[in-house]
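Residues per chain, in single letters:
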Amino acid sequence: MPKLTYYGLATPNGQKVSVALEEMEIAYEAKTINILKDDQFTPEFVAINPNSKIPAIVDEDGPDGKPITLFESGAILLYLAEKTGKFLPKDDVGRYKTMQWLMFQMGGIGPMFGQFGHFFKYAKDKCTDPYPKERYTNETRRLLGVLEKELSQRPYIVGDEYTIADMAIFPWVLCLSKFYQAEEHLQLHEFPKTMAWVETCMVRPAVQRGMDVCSLS
């Protein structure tokens, strides 16, 4: 029986971790937390993540062989990469660059893309003020421009290596078209290097498996 349990859903934040688990070939048990049914607020899940957000993991074989519970997807990615020695460069510069772009996703891409999706798709009939959609459209395109510039110089976010930084970011870029159906609104064709990089990530067998973990469909 796997010693690691993953609690999540097939959303960008959840997919970051499920993709990493598949890529790192870690045996795990997946438990779906259906946020549409408020599973994240149950006492059982709050005991794992007091912030009531997915994803989270419980690893019975943590540091020194003792159990560890972790939430926040960035922290989980770093933990898994260090546990396995995979997808985090060994040299100091590569390591810090990977952590830098991971934080870029956590502090920029995730929150801004998420707010864009909220106002563009989910709250479009509830908020008639054009300002929120315009603000998050502009910020989403700005962040895509940052990615485009970087990916015009290298095949992956950090360099020649596929890392946890890529795993953290590409599900959010894919979300813009797959979940939000915003290809035309955001003019995603204006970011060809970024879109090609997403496709490069998506053809990886482990990615294809990881993206469907805890799917509701």
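Which residues make up the sheet that holds strand β4 (residues 68-71), and what values do they have?
In space, the four strands of this open sheet follow the order β2-β1-β3-β4, with mixed pairing throughout. For this open sheet the edge positions go to β2 (28-32) and β4, each flanked by a neighbour on one side alone. Averaged over neighbouring strand pairs, the angle between their axes works out to 15° when direction is ignored. In this fold helix α1 (residues 12-23) packs onto β1 (4-8), β2 and β3 (56-59), with an angle of close to 150° to the strand it touches most, β1.

So, the nonpolar core: which residues are in play, and what are the values?
I57, L80, Y162, I164, F170 and W197 are the most contacted members of the largest nonpolar core, which has 60 residues in total. Broken down by element, this core gets its largest block of residues, 11 residues, from helix α6 (residues 164-178). In this structure, F170 is in contact with V19, Y162, W197, V198, C201, M202, V207 and M211, ignoring residues within four places of it in sequence. Counting residues in each nonpolar core, the second largest holds eight residues, with L9, I33, A56 and V58 among its members.

Summarise the pairing of β1; cite the residues concerned and give the values.
Summarising burial for β1: five of the five residues are buried, a large majority. In terms of strand pairing, β1 meets β2 through five bridges, oriented parallel. By the bridge assignment for β2, T5 is matched with E29.

With reference to specific residues and values, describe the pattern of salt bridges.
This model, assessed by the stated rule, comprises eight salt bridges. E25 serves as the salt-bridge partner of K86, at 3.4 Å between the closest nitrogen and oxygen. Of the two residues, K86 sits in the loop between α3 (73-84) and α4 (92-122) while E25 sits in the loop between α1 and β2, which places them 61 residues apart along the sequence. Residue K86 is classed as partly exposed on the basis of its relative accessible area, which comes to 28%.

How would you sum up unusual backbone geometry? Please name residues and give values.
A negative phi holds for most residues other than glycine; trans holds for most peptide bonds. With omega at 0°, the peptide bond leading from I54 into P55 counts as cis. Looking at the element boundaries, P55 is found in the loop between α2 (43-46) and β3. A positive phi angle is found at E25, which is not glycine, with a value near 55°. At S52, a position not held by glycine, the phi torsion is positive, near 55°. Mapping S52 onto the fold places it in the loop between α2 and β3. The buried category is assigned to S52, whose relative accessible area is 11%.

Tell me about the environment of H118, and name the residues and values.
Within the fold, H118 resides in helix α4. For H118, a relative accessible area of 36% gives the class partly exposed. Distance from H118 to Y136, taken between C-alpha atoms, is 9.5 Å for residues 18 residues apart in sequence. Beyond its immediate chain neighbours, meaning those up to four positions away, H118 contacts A123 and K124.

Describe in detail the packing of aromatic side chains, supporting the description with residues and values.
In total, this model carries nine aromatic pairs according to the counting rule given. Judged by centre distance (6.2 Å) and plane angle (55°), the ring pair of Y7 and F45 falls under tilted. One end of the pair, Y7, is in strand β1; the other, F45, is in helix α2, with 38 residues separating them in the sequence. Among the residues examined, Y7 registers a relative accessible area of 13% and is labelled buried. Ring centres of F116 and Y180 lie 6.2 Å apart, and the angle between their planes is 65°; on these two criteria the pair is classed as edge-to-face. One end of the pair, F116, is in helix α4; the other, Y180, is in the loop between α6 and α7 (183-186), and 64 residues separate them in sequence. Y180 carries the same exposure label as F116, and that label is buried. Three or more aromatic residues joined by ring pairs form one cluster here, namely F116, F120, Y122 and Y180. Here the guanidinium or amino end of R204 rests over the ring plane of Y162, the centre of that ring lying 3.8 Å away.

Cut-offs applied
- Residues take numbers from 1 onward in each chain, read along the sequence in its written order.
- Where local features are concerned, this predicted model is filtered to residues with pLDDT of at least 70; where side-chain atom pairs are given and counted, the filter is 80 or more; whole-chain, interface and lining totals use all residues.
- Remark: hydrogens and water are excluded; side-chain values derive from all non-hydrogen atoms of the structure.
- The rule for pairing is simple: two strands pair if DSSP sees at least two bridges between them.
- Strands here mean DSSP runs of E at least two residues long; helices mean DSSP runs of H or I at least four residues long; both are numbered from the N terminus.
- Note on geometry: axes are C-alpha line fits, over the in-contact stretch for helices, and angles between N-to-C directions span 0 to 180 degrees.
- What makes two residues a contact is simply this: any of their non-hydrogen atoms within 4.5 Å.
- Think of a nonpolar core as a cluster: buried Ala, Val, Leu, Ile, Met, Phe, Trp, Tyr and Cys residues, connected wherever their side-chain atoms sit within 4.5 Å.
- Using a 1.4 Å probe on the protein chains alone, a residue whose accessible area is under 20% of its type maximum counts as buried, one over 50% counts as exposed, and one in between counts as partly exposed.
- Just to be clear on terms, a salt bridge is a Lys or Arg side-chain nitrogen sitting within 4 Å of an Asp or Glu carboxyl oxygen.
- Two rings from Phe, Tyr or Trp (for Trp, the six-membered ring) form a pair when their centres are within 6.5 Å of each other. A pair whose planes differ by under 30 degrees is stacked, one over 60 is edge-to-face, and the rest are tilted.
- Cation placement over rings: the criterion is NZ of Lys or CZ of Arg within 6 Å of the ring centroid and within 35° of the ring normal.

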